[in-house]
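Fold and contact review
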Amino acid sequence: MSASTDSVQLDTTTLRGYAVHPGDPGYDADRQIWNGSIDKHPALILRCMGVADVIAGVKFGRVSGLPVAVRGGGHSFPGLSTADDALVLDLSLMKGVRVDPEKRTVRVQAGALLGDLDKETQAFGLAVPSGIVTHTGVAGLTLGGGIGWIMRKHGLSIDQLVSVDLVTADGEFTQASLDQNADLFWGVRGGGGNFGIVTEFEFRCVPLGPQVLAGPVFWPMEKAPEVLRFYRDWVADAPDDLMTIVVNRKAPALPYIPQELHGKLVVIVACCWAGDIEDGEPVVRPLKEFGSPVLDLLVPKPFLTHQAMFDPSFPQGRWYYFKSCDVAELNDEIIDITVERSLQISSPFTAFPIWQMGGAVSRVGDGETAFNGRTAGFTYNIGASTETSEGFEEEREWVRGFWSALEPWHQGVYVNFLGDEGVERVRQSYGPKKYDRLQALKRKYDPDNFFRLNQNILPTGT
């Protein structure tokens, strides 16, 4: 059998996976990604089962001339894991996760999701720093840096990365670590998918759980000015064991939230204490006692349960739009803008996080990885969501207006939170010195920009 474009054919008899064409029974399901506002129709989807399939796919992309998109978890905000009339190399069937509990390492294939990784590592009382939604792909999250619930104690995902297996733009297999292709290893730790397709990651694991002190505390939005000022002062000298995310939204209609709160605007401080529970209880007590919360779910619970907490808020297929920025602090002006804009939230599905940064993230040398943002105080990821296209345009304009209102305090942006915003924003996400270094790597490993359906680093020019 073969998969064909107008001019060339891919011999599928050599594949473990399979090709999906427009018109095939599974095509419409296979082309869908997480963000329902992205509706693309690839020319061919190659569902890879292993490294040999990835190599074959890259070589076919070369001879066919089709642009190549790479899909892991499919969670790219701007939908960069697919494109019209492109070859999609879909790695989502490559889900292997193998823990070595004695060495405290884990090997993870590029199609694995955070939930897959967490379940395997937690079986041994271990974890890898990762994100906050379990159906996010390990690959995309890691290649951009990887911020999440335990980063203030254990660093970013890339800070626990030991090595990667990678297929280059020429279809060659290689490996990268501190001891092998160290320049490439520097680049994949924050530089995204610009230099090749990572097919497997090796991480160090850290001890965690299985029980953690974690969960959200809710207040009505009218108390947000006082809550956010209290929060700012409370986390100013927070120990590394504590990670927090502030969420502003309408309380969702979930079973664990009282019905009388459903649809009401609330400000939420969600916490995760990564140390001993008894040590964390006095640290979080001031938060739990401030201003008479309307709901307190900050209790000991399994880490796996906490990791899945936000899953219902970000399901597959909703329409999403995001704009992001880093800020140095939550000053009074930023807090006032945040409250003002939060009171304007219309969609019951819109929920935007403000991430507390610092801790272990900030103590890795800025030049040690391509990730740029180790000095950030807080990361705003202003997002909006609707069930369908209805109301989406209004929500998107709300995001843009909010982001613009914060512009005087912008300090940078996390590359994984970028939308389709152009080359200059990619440059801003790395800063000029790192971008120049990444450009040099791009010229070495992908001089003709074969891997360009990403937050693209141009080999030359600006």
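Data block above holds the structure.
Below or above, wherever it landed, is the structure these notes cover. (Residues numbered from 1 in each chain as written. Predicted model: local features only at pLDDT ≥ 70, side-chain atom pairs only at ≥ 80, totals over all residues. Heavy atoms only, no water.)

**Thoughts on the sheet that holds strand 12 (residues 197-204)**
Condition: Here, a strand pair is defined by DSSP locating no fewer than two bridges between the strands. For helices the rule is a DSSP run of H or I covering at least 4 residues; for strands it is a run of E covering at least 2, with both sets numbered from the N terminus onward. Where helices are involved, their axes are fitted lines through C-alpha atoms of the stretch in contact, as for all axes, and angles between N-to-C directions lie from 0 to 180°. Contacts are residue-level and defined by heavy atoms, with any inter-residue pair within 4.5 Å sufficient.
Read across the open sheet, the five strands follow the order 7-8-12-10-11; overall the sheet is antiparallel. In the strand order of this sheet, the two ends are held by strand 7 (97-100) and strand 11 (173-177), each with one partner. Averaged over all neighbouring strand pairs, the angle between strand axes comes to 15°, with direction disregarded. Where strand 10 (residues 161-167) lies against strand 11, five bridges are found, and the strand directions are antiparallel. Bridged to Leu166 within strand 11 is Thr174. Taken strand by strand, helix 3 (residues 114-122) contacts strand 7 and strand 8 (105-109), and its axis lies near 30° from that of strand 7.

**Details of the packing of aromatic side chains**
Quick reminder of the rule: Two rings belonging to Phe, Tyr or Trp (six-membered ring only in the last case) form a pair when the distance between their centres is within 6.5 Å. Interplanar angles under 30 degrees mark stacking, angles over 60 mark edge-to-face geometry, and anything in between is tilted. Any residue under 20% of the maximum accessible area for its type is buried, any over 50% is exposed, and the rest in between are partly exposed; the area is computed with a 1.4 Å probe on protein chains only. We call a charge positioned above a ring when the Lys NZ or Arg CZ atom is no farther than 6 Å from the ring centre and deviates by at most 35 degrees from the ring normal.
Inspection of every chain in the model, using the stated rule, returns 21 aromatic pairs. Between Trp149 and Phe310 the ring centres are 6.1 Å apart and the planes differ by 20°, which places this aromatic pair in the stacked class. Of this pair, Trp149 sits in the loop between helix 4 (138-144) and helix 5 (151-154) while Phe310 is found in the loop between helix 9 (303-307) and strand 19 (319-327), placing the two residues 161 residues apart along the sequence. Both residues of the pair, Trp149 and Phe310, belong to the buried class. Linked through ring pairs, Trp34, Phe77, Phe314, Tyr320, Phe322, Trp355, Phe371, Tyr414 and Phe417 together constitute an aromatic cluster. The ring of Trp403 carries the charged tip of Lys323 above its face, separated from the ring centre by 4.1 Å. Over the aromatic face of Trp186 sits the side chain of Arg437, whose NZ or CZ is 3.7 Å from the ring centroid.

**Topic: the sheet that holds strand 5 (residues 68-71)**
Taken together, four strands build an open sheet; the order of strands is 3-4-6-5 and the sheet is mixed. Bordering the open sheet on either side are strand 3 (18-20) and strand 5, each of which pairs with just one other strand. For this sheet, the mean inter-axis angle between neighbouring strands, taken without regard to orientation, is 20°. Bridging between strand 5 and strand 6 (residues 87-90) involves four bridges; their strand directions are parallel. Counted as the bridge partner of Val70 is Leu89 from strand 6. Running at roughly 170° to strand 6, helix 2 (residues 51-64) makes contact with strand 4 (44-47), strand 5 and strand 6 of the sheet.

**Description of the environment of Ala238**
Turning to its location among the elements, Ala238 is positioned in the loop between helix 7 (224-235) and strand 15 (242-250). Taking relative accessible area as the criterion, Ala238 reaches 15% and is therefore assigned buried. Remark: the alpha-carbon pair of Ala238 and Ile337, spanning 99 residues in sequence, is separated by 24 Å. Look past the residues within four positions of Ala238 in its chain and what remains in contact with it is Arg152 and Gln356.

**Details of the pattern of salt bridges**
Filter applied, for reference: When a carboxyl oxygen of Asp or Glu lies within 4 Å of a side-chain nitrogen of Lys or Arg, that pair is called a salt bridge.
Following the criterion strictly, the structure yields 27 salt bridges and no others. With a shortest N-O distance of 2.9 Å, Arg229 and Asp336 are connected by a salt bridge. Taken together, the residues Arg229 in helix 7 and Asp336 in helix 10 (residues 332-342) connect sequence positions 107 residues apart. You can call Arg229 partly exposed: its relative accessible area is 23%. Note that Asp366 and Lys434 form a salt bridge whose closest N and O atoms lie 3.5 Å from each other. On the criterion of sequence distance, the pair formed by Asp366 in the loop between strand 20 (351-356) and strand 21 (378-386) and Lys434 in helix 13 (residues 432-445) is long-range, its members being 68 residues apart. Taking the relative accessible area as the measure of exposure, Asp366 reaches 40% and is therefore partly exposed.

**A look at the nonpolar core**
Note the following rule: Buried Ala, Val, Leu, Ile, Met, Phe, Trp, Tyr and Cys residues form a nonpolar core when they are joined through side-chain atoms within 4.5 Å.
Val106 and Phe201 are the most contacted members of the largest nonpolar core, which has 60 residues in total. Contacts of Val106, omitting those with residues within four sequence positions, involve Val97, Arg98, Val99, Leu117, Thr121, Val128, Phe201, Glu202, Phe203 and Cys205. If you look at the next biggest cluster of nonpolar residues, it comprises 44 residues, including Met221, Ala224, Val269 and Ile334.

**Quick look at helix 3**
This is how it is decided: The directions from the helix axis to the C-beta atoms form the arc being described.
Buried within helix 3 we find Leu114, Gly115, Leu117, Asp118, Thr121 and Gln122. The buried side chains of helix 3 occupy one side of the element, clustering within an arc of 160° when seen end-on. Taken together, the buried residues of helix 3 touch strand 7, strand 8, strand 9 (126-127), helix 4 and helix 9.

**Overview of unusual backbone geometry**
The omega angle of the peptide bond from Gly209 to Pro210 is 10°, so this bond is cis rather than trans. Within the secondary structure, Pro210 sits in the loop between strand 13 (206-207) and strand 14 (211-220). A positive phi angle, near 55°, is found at Arg104, a position not held by glycine. Position of Arg104 among the secondary structure elements: in the loop between strand 7 and strand 8. Arg104 gets classed as partly exposed once you look at its relative accessible area, which sits at 41%. With phi around 50°, Asn181 is a residue other than glycine that occupies positive phi space. For Asn181, the location among the structural elements is in the loop between strand 11 and helix 6 (182-188).

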